[in-house]
Amino acid sequence: MVMAPSVLASDEVYVSNNHYNNDHSSSKDSKLVSNTTLNHGVNDLYKAKLASKDLVFEVLKKRVASINVDRCEPGEEDAFYVADMGEIYRQHLRWKMNLGRVKPFYAVKCNPDPEILRLMAKLGNGFDCASKAEIDLALQTGVDPSRIIYAQPCKTKSYIRYAAQKGVKQMTFDNADELYKIKADFPDAELYLRILTDDSTSLCRLSMKFGASLDVARSLLELARQLELNVVGVSFHVGSGAEDPKAFLKAVQDARWVFDQAAEVGYELHTLDVGGGFCDETFEKFAAILSQALDTYFPAQVRIIAEPGRYYVAGAFTLAANVIARRDVRDPKDPSRDAYMLYLNDGVYGNFSNIIFDHQHPVAQILTCVETCPGSSDSDGSSSTSSLSSSGIDYSIWGPTCDGIDVITERVTLPGLVDVGDWLYFENMGAYTRCSATRFNGFTDNHDVIYISSETGASALLDY
Ligand SMILES: *Cc1c(COP(=O)(O)O)cnc(C)c1O
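Keep in mind it's a predicted model, so treat the numbers as computed, not measured.

1. What about the overall build of the protein chain?
Across its full length, the protein chain holds 13 helices and 18 strands. Per-residue burial over the protein chain gives 53% buried out of 464 residues. In the protein chain, 71% of the contacts between residues at least 6 apart in sequence involve partners at least 24 apart. On the protein chain, roughly 20,500 Å² of surface is accessible, and the fraction owed to carbon and sulfur atoms is 50%.

Below, the structure is given as structure tokens:
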């Protein structure tokens, strides 16, 4: 595995123990909490995150200071990202610490940014791809085709032939027709039977579309056997943005049952793919339940892989957008309800597509404004003369297209007066944002990304 020498150095390792406190901790968890080295690591993580935010903010400020909206060329004030690759690196350390047995195959669809893919390759991760173009992106990083899984159970036939030609052998299936397609076009493929999971608590449910139920698993394995296909493992996905960690326990138990069925049919399966669905906020809690389930049901010789997407990249990207218009909305009966409508040059047809497709609620923050409310944390001292209310100003925030659904936030209170030409920024915009943007109404879907690194380990790998 290619990795910076510092990846597992003890002073950089961290485990957040926040989730264990009011939880029914297993003895293993308690041991982690009492480990002073790891507690020291938690502080390091916290400090690193704060330092990262400061660094990102500086870079955002510097960029917008260089743009004069009154004189710039069309589009120079377009929305842009700052990507902190150090954040992805820290998420990787956290993964290693909590799920050391599980090898990540990054889900390319979540954010196919080439710098992300380059870093994933350098970290030793594999790739989960679902199309020819994603396979190409993964191969362009220079990784061996064995580090790619074509994890789409319903594939395009010509793409199966393409995978065969490129040597991308690992792929998933969940139905009989797929087995006949694979038999015809890539009989040597290494197959994973994708099974259904209970994803009823997840943000984006996948099981109504994909996954074989347990009652058909056996007959699919028997058909694969008849066709002399090479089934090597089981995969599942508990749903993107999963909320119930028990979903992992149940899915691992079901996978065990399928491994046993496969043995009866004559397959010695060697790999379990536990899919994606991990989130930043709940990671340690999920990882603890998953690791324990894996240790209970799968002996050490079974290889475990996963397909995390959101977990790795959501926090790494911050988006800045320009206020292109403003509308004053007065309430004649109640002046305290006065508000503004702000129109940004990015919306749900653009990078805020995560509002529609990923059920997210991006939070606006002020990057620049004409006046700061007194007492706000951004206040710079000059606010004592301000006529603004200290409780902030209410805004609704809209995208640039002519469609009424193009709304980013219906009501938000911000600690300052924002005018045309000012900038807002939004953190946690790395997952399912840019990749599902459109060019509807003629607005661009091609936004600049400024890459930085707040971790020396990531800098060493990426050369910046
Ligand atoms: C979308 C997807 C993933 C990634 O899911 P996250 O919730 O972003 O971790 C992984 N595997 C498959 C098959 C997917 O469809």
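Still more ground to cover, so stick around.
2. Some points on the sheet that holds strand 9 (residues 303–306)
One closed barrel accounts for eight strands, arranged 2-3-4-5-6-7-8-9; its pairing is parallel. Across the sheet, the axes of successive neighbouring strands diverge by a mean angle of 30°, strand direction being ignored. In terms of strand pairing, strand 5 (residues 170–173) meets strand 6 (residues 190–194) through four bridges, oriented parallel. Opposite F173, over in strand 6, you have L193 as the bridge partner. Relative to the sheet, helix 8 (residues 214–226) contacts strand 5, strand 6 and strand 7 (230–235), its axis offset from that of strand 6 by approximately 165°.

3. A closer look at helix 6 (residues 157–166)
Of all the residues in helix 6, the buried ones are I160, Y162 and A163. The buried side chains of helix 6 occupy one side of the element, clustering within an arc of 160° when seen end-on. For helix 6, the secondary structure elements touched by its buried residues are helix 5 (132–140), strand 4 (148–150), strand 5 and helix 7 (176–185).

4. A few points about the site of the ligand
Around the ligand lies a shell of 14 residues, among which K109, S240, E307, R310 and Y432 are the nearest. In this structure, K109 approaches the ligand through a side-chain N or O atom, which is 2.7 Å from an oxygen atom. Here R310 contributes a backbone N or O atom positioned 2.9 Å from an oxygen atom of the ligand. Out of a free accessible area of 390 Å², the ligand has 93% covered by protein chains. Tallied by class, residues from the shell around the ligand come to four nonpolar, five polar and five charged.

5. Some words on the nonpolar core
Residues F127, F236, L272, V274, F278, Y395 and L424 are the most contacted members of the largest nonpolar core, which totals 112 residues. With nine residues, the single largest contributor to this core is helix 9 (residues 246–265). Shared between two domains, this core holds at least three residues of each, these being domain 1 (53–81 + 315–371 + 392–455) and domain 2 (86–312). Residues within four places of F127 in sequence aside, it is in contact with F105, Y106, V108, L117, M120, A121, A138, T141, V143, R147, I148 and I149. Counting residues in hydrophobic clusters, the runner-up holds 13 residues, among them V56, A320, Y425 and I452.

6. A look at a nonpolar patch on the surface
Side chains of I356, F357 and I405 sit close together on the surface and give an oily, nonpolar patch of about 300 Å² of accessible area. Mapping F357 onto the fold places it in helix 12 (residues 353–357).

7. Re the packing of aromatic side chains
The full count for this structure, using the stated rule, is 17 aromatic pairs. In this arrangement the basic side chain of R225 is found over the ring face of Y267, its NZ or CZ atom lying 5.0 Å from the centre.

8. A closer look at empty space enclosed by the protein
For the structure on display, the rule yields one cavity of 30 Å³ or more. In this structure, the largest cavity spans a volume of roughly 70 Å³. Grouping the amino acids of the lining of the largest cavity by side-chain chemistry returns four nonpolar, seven polar and two charged.

9. Side note on the confidence of the model for the protein chain
On average, residues of the protein chain score 89 in pLDDT, and 89% of them reach the 70 mark or higher. In the model, residues 1–40 has pLDDT below 50 throughout and makes 70 contacts with residues more than four positions away in sequence or in other chains.

10. Looking at helix 5
Buried residues of helix 5: E134, I135, D136 and A138, and no others. Positive backbone phi, approximately 90°, marks G142, located one or two places after helix 5.

11. Quick word on the pattern of salt bridges
Evaluated as defined, the whole model comprises 27 salt bridges. The salt bridge involving D44 is made with K47; its shortest N-O contact spans 4.0 Å. Of this pair, D44 and K47 both sit in helix 2 (residues 36–65), three residues apart, which is roughly one turn of that helix. R218 is the salt-bridge partner of E264, the closest N and O atoms lying 2.6 Å from each other. Taken together, the residues span a long stretch of sequence, with E264 in helix 9 and R218 in helix 8 at a distance of 46 residues. When its relative accessible area of 57% is taken as the criterion, E264 is described as exposed.

What counts and how
Residues numbered from 1 in each chain as written. Predicted model: local features only at pLDDT ≥ 70, side-chain atom pairs only at ≥ 80, totals over all residues. Heavy atoms only, no water. Helix = DSSP H or I, 4+ residues; strand = E, 2+ residues; numbered from the N terminus. Buried < 20%, exposed > 50% of the residue type's maximum accessible area, 1.4 Å probe, protein only. Contact = heavy atoms within 4.5 Å. Areas by Shrake-Rupley, 256 points an atom, 1.4 Å probe, with all protein chains shown as cover. Pairing = 2+ DSSP bridges. Axes fitted to C-alpha atoms, helices over the stretch in contact; angles between N-to-C directions. Arc of directions from axis to C-beta. Near = heavy atom within 4 Å. Polar contact = N/O pair within 3.5 Å; in protein donor to acceptor, adjacent residues only side chain to side chain. Nonpolar A, V, L, I, M, F, W, Y, C, P; charged D, E, K, R; others polar. Core = buried A, V, L, I, M, F, W, Y, C linked by side-chain atoms within 4.5 Å. Domains from an automatic or database assignment. Patch = residues over 30% accessible without salt bridge, like charges linked within 9 Å, V, L, I, M, F, W, Y side chains within 5 Å. Salt bridge = Lys/Arg side-chain N within 4 Å of Asp/Glu carboxyl O. Phe/Tyr/Trp six-rings, centres within 6.5 Å; stacked < 30°, edge-to-face > 60°. Lys NZ or Arg CZ within 6 Å of the ring centre and 35° of its normal. 1 Å grid on protein atoms, 1.4 Å probe; cavity = no way out; pocket = protein on both sides within 12 Å on 5 of 7 lines; lining within 4 Å. Points joined across faces, edges and corners; volume = space filled by probe spheres on them. pLDDT = per-residue confidence, 0-100.

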